[in-house]
Amino acid sequence: QVQLVETGGGLVQAGGSLRLSCAASGGTFGSYAMGWFRQAPGKEREFVAAISRSAINTYVAESVKGRFTISRDNAKNTVYLQMNSLKPEDTAVYYCAAGRVQLATISSRYDYWGQGTPVTVSS
């Protein structure tokens, strides 16, 4: 059983930056592919970014490409989401997830989820 805890969310002005962290425990972190999803009020959860077990491969959604970067530190059991040039439409609760499928963009492919951290971008 893997536990995931996200931190780093908050309120930021448009154009600003935030770095989200997701700390994992209870499993072999390096054996899991990791992903970030987000859910805005009244909307479905959507894929943001994914990273392979070895961190060699990453994939980000078109809506955040060039602004968001996913990375991981297997020695620290942590995955990160660096968010730059934030826009009001990035406002959402951000979730990290762990799974066995590499670079999955569908939420059902992930087995474990954190509780989420809210991000609010003001205009």
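Summarised in this report is the structure supplied together with it. Predicted model, so just to flag it, every value in this text is computed and none were measured. (Residues numbered from 1 in each chain as written. Predicted model: local features only at pLDDT ≥ 70, side-chain atom pairs only at ≥ 80, totals over all residues. Heavy atoms only, no water.)

### Remarks on the packing of aromatic side chains
Moving on, step 1. Taken as a whole and judged by the stated rule, the model has six aromatic pairs.
Moving on, step 2. Ring plane angle 80° and centroid distance 5.9 Å describe the contact between Tyr32 and Tyr112, whose orientation is recorded as edge-to-face. Remark: Tyr112 occurs in strand S10 (residues 112-113) and Tyr32 occurs in the loop between strand S3 (18-25) and strand S4 (33-39); sequence separation between them is 80 residues.
Moving on, step 3. Taking the relative accessible area as the measure of exposure, Tyr112 reaches 18% and is therefore buried.
Moving on, step 4. Plain terms: the ring middles of Phe37 and Phe47 are 5.7 Å apart, the flat faces sit at 75° to each other, and that makes the pair edge-to-face. Of the two residues, Phe37 sits in strand S4 while Phe47 sits in strand S5 (residues 46-51), which places them ten residues apart along the sequence.
Moving on, step 5. Within the aromatic cluster, the residues linked to one another by ring pairs are Phe37, Phe47, Tyr59, Tyr110 and Trp113.
Moving on, step 6. Here Arg45 stacks its cationic end above the ring of Tyr95, 3.9 Å away from the centre of that ring. (Phe/Tyr/Trp six-rings, centres within 6.5 Å; stacked < 30°, edge-to-face > 60°. Helix = DSSP H or I, 4+ residues; strand = E, 2+ residues; numbered from the N terminus. Buried < 20%, exposed > 50% of the residue type's maximum accessible area, 1.4 Å probe, protein only. Lys NZ or Arg CZ within 6 Å of the ring centre and 35° of its normal.)

### Points about the nonpolar core
Moving on, step 1. One finds Leu4, Met34, Trp36, Val79, Leu81, Met83 and Tyr94 to be the most contacted residues of the largest nonpolar core, which totals 37 residues.
Moving on, step 2. Look past the residues within four positions of Met83 in its chain and what remains in contact with it is Gly16, Ser17, Leu18, Leu20, Arg67, Phe68, Tyr94 and Val119. (Core = buried A, V, L, I, M, F, W, Y, C linked by side-chain atoms within 4.5 Å. Contact = heavy atoms within 4.5 Å.)

### As for the pairing of S5
Along any regular strand the residues' side chains alternate between the sheet's two faces.
Moving on, step 1. Burial analysis of S5 places five of its six residues in the buried class, the great majority of the element.
Moving on, step 2. As judged from the five bridges shared by S4 and S5, these two strands associate in the antiparallel manner. Across the sheet, the residue bridging to Arg38 is Glu46, located in S5.
Moving on, step 3. Taking the residues that link successive antiparallel strands as the turn, the S4-S5 hairpin has six residues, and the phi of Gly42 there is positive, at about 75°.
Moving on, step 4. Across three bridges, S5 lies against strand S6 (residues 58-60) in antiparallel orientation. From the neighbouring strand, Ala50 faces S6, where its bridge partner is Tyr59. (Pairing = 2+ DSSP bridges.)

Scope: geometric values only; no functional claims are made or implied.
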